[in-house]
Amino acid sequence: MDAKLFDHTILKADADREAVKKVCSEAKEYGFMSVCVNGFYTSYVAGQLAGSGVKVCTVVGFPLGQMSPLAKAAETEAAIRDGADEIDMVINVGALKDGQYETVLEDIKGVRKASKDACLKVIIETCLLTREEKIKACELAKEAGADFVKTSTGFSTGGAMAEDVRLMRETVGPQMGVKASGGIRDKETAMAMVQAGADRLGTSATVAICS
């Protein structure tokens, strides 16, 4: 599989510097699109990847998404300052389920503004949403000017499903990106996500899939 499909991911709470360094080395060796980390490691990863062509991807509002819009924007600004090329933000799922669509829209817009020219991916956490809510979340992300919609954090009740990827692709159309993440551990699953319409995959099993 094309290595540029993958965001090589290390987001666990116990990830130490040595583990993050190993992930960066693997990303450079294989030529993955990015290394995806929590904000604390953004500047360290930026240093490790400097000149390699591998991007720095930082998560924001992760993994629950229910912090204030101001906090998400500030977190995004810090990530960009520290060298992030891409931002993966979590929507406020509770607000979406409440029908507070303007709140969700403004939340994403705040991160979009703070992220400047960085690629913005919006995690909608599909496992917690109805079909109609998935569609609405994608529509709001598109309206807010995001570059991608993304299935999952990988830290909730479920991960990426091919049928969700297909629905997301149908909703956002061909010009916007769709990232599948959560539970992608083998080449067969990865291929199923691509066939369903994903053009980016997030996984910690990247090396095993591409070897």
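Just above, that's the structure.
Reading the values: the criteria
Residue numbers here run from 1 along each chain, matching the order of that chain's written sequence. For this predicted model, a pLDDT threshold of at least 70 governs which residues receive local features, and a threshold of 80 or more governs which side-chain atom pairs are given and counted, while totals over whole chains, interfaces and linings are taken from all residues. Excluding hydrogens and water, the side-chain figures rest on all heavy atoms present in the structure. Starting at the N terminus, helices and strands are each numbered in turn, a helix being any DSSP run of H or I of at least four residues and a strand any DSSP run of E of at least two. Exposure classes here rest on a 1.4 Å probe applied to the protein chains alone. A residue is buried below 20% of its type maximum, exposed above 50%, and partly exposed in between. By definition in these notes, contact holds between two residues if any of their heavy atoms fall within 4.5 Å. Asp and Glu count as negative and Lys and Arg as positive, but His and the ends of the chain are not part of the count. In plain terms, the charge of a residue is placed at NZ if it is Lys, CZ if Arg, CG if Asp and CD if Glu. When DSSP finds two or more bridges between a pair of strands, those strands are recorded as paired. Simply put, an axis is a line fit to the C-alpha atoms, just over the touching stretch for a helix, and the angle between two N-to-C directions goes from 0 to 180 degrees. Helix span, expected: 1.5 Å multiplied by one less than the number of residues in the helix. Orientation is classified from the angle alone, with under 35 degrees giving roughly parallel, over 145 giving roughly antiparallel, 65 to 115 giving roughly perpendicular, and any other angle giving oblique. Handedness of each helix crossing follows the sense of rotation of the near helix against the far helix: counterclockwise by less than a right angle gives left-handed, clockwise gives right-handed. In the scheme used here, Gly and all other residues not listed as nonpolar or charged are polar, with Ala, Val, Leu, Ile, Met, Phe, Trp, Tyr, Cys and Pro taken as nonpolar and Asp, Glu, Lys and Arg as charged. Here a polar contact is taken to be a pair of N or O atoms separated by no more than 3.5 Å, where protein atoms must pair a possible hydrogen donor with a possible acceptor and residues adjacent in sequence count only if both atoms sit in side chains.

**Here's the deal with the overall build of the protein**
If you tally the helices and strands in the protein, you get nine helices and eight strands. Considered along the principal axes of its C-alpha atoms, the protein spans approximately 45 × 35 × 30 Å. Within the protein, the fraction of its 211 residues that count as buried is 54%. Restricting to contacts in the protein with at least 6 residues of sequence separation, those with at least 24 account for 67%. Across the protein, the 26 positively charged side chains and the 30 negatively charged ones have centroids separated by 3 Å.

**Concerning the environment of Arg166**
By the secondary structure assignment, Arg166 is in helix 7 (residues 162-172). With a relative accessible area of 40%, Arg166 lands in the partly exposed category.

**Considering the sheet that holds strand 3 (residues 55-60)**
The pairing of strands in a sheet comes from backbone hydrogen bonds and takes either a parallel or an antiparallel form. Reading around the barrel, the eight strands line up as 1-2-3-4-5-6-7-8 and close back on themselves, with parallel pairing between neighbours. Sheet twist, expressed as the average angle between the axes of neighbouring strands with direction ignored, equals 25 degrees. Bridge count between strand 5 (residues 119-123) and strand 6 (residues 148-150): three bridges; the pairing is parallel. Across the sheet, Lys121 pairs through a bridge with Phe148, a residue of strand 6. Running over the sheet, helix 5 (residues 101-115) touches strand 4 (86-90) and strand 5 and is turned about 165 degrees from strand 4.

**Quick word on helix 5**
Every α-helical turn comprises 3.6 residues, leaving residues that sit three or four positions apart pointing alike. In this model, helix 5 (15 residues) spans 21 Å end to end at C-alpha, consistent with the 21 Å of a helix rising 1.5 Å per residue. For helix 5, every residue scored as buried is listed here: Val104, Leu105, Asp107, Ile108, Val111, Arg112, Ala114 and Ser115. Summarising the contacts, the buried residues of helix 5 are in contact with helix 3 (69-81), strand 4, helix 4 (93-97), strand 5 and helix 6 (131-143). Positioned one or two residues after helix 5, Lys116 has a phi angle of 55 degrees, which is positive.

**Quick notes on unusual backbone geometry**
Of note, the bond from Phe62 into Pro63 is cis; its omega dihedral lies within 30 degrees of zero at 0 degrees. By the element assignment, Pro63 lies in the loop between strand 3 and helix 3. The phi dihedral of Glu125 falls on the positive side, at around 55 degrees, and the residue is not glycine. Mapped onto the secondary structure, Glu125 falls in the loop between strand 5 and helix 6.

**So, the packing of helix 5 against helix 6**
Where helix 5 meets helix 6, the axes come as close as 9 Å, and the angle between the chain directions of the two elements is 45 degrees. One finds that helix 5 runs oblique with respect to helix 6. Here helix 5 runs over helix 6; the crossing is right-handed. Contact residues: helix 5 offers Tyr101, Val104, Leu105 and Ile108, while helix 6 offers Lys136, Leu140, Ala141 and Glu143. Each residue belonging to the contact of helix 5 with helix 6 can be placed in one class, and the counts come to six nonpolar, no polar and two charged.

**As for the environment of Thr42**
Inspection of the secondary structure assignment puts Thr42 in helix 2 (residues 42-49). What makes Thr42 buried here is its relative accessible area of 0%. On a C-alpha basis, the gap between Thr42 and Asp186 in space is 27 Å, while along the polypeptide they are 144 residues apart. Polar contacts involving the side chain of Thr42 include one to the main-chain carbonyl oxygen of Gly39, which spans 3.0 Å.

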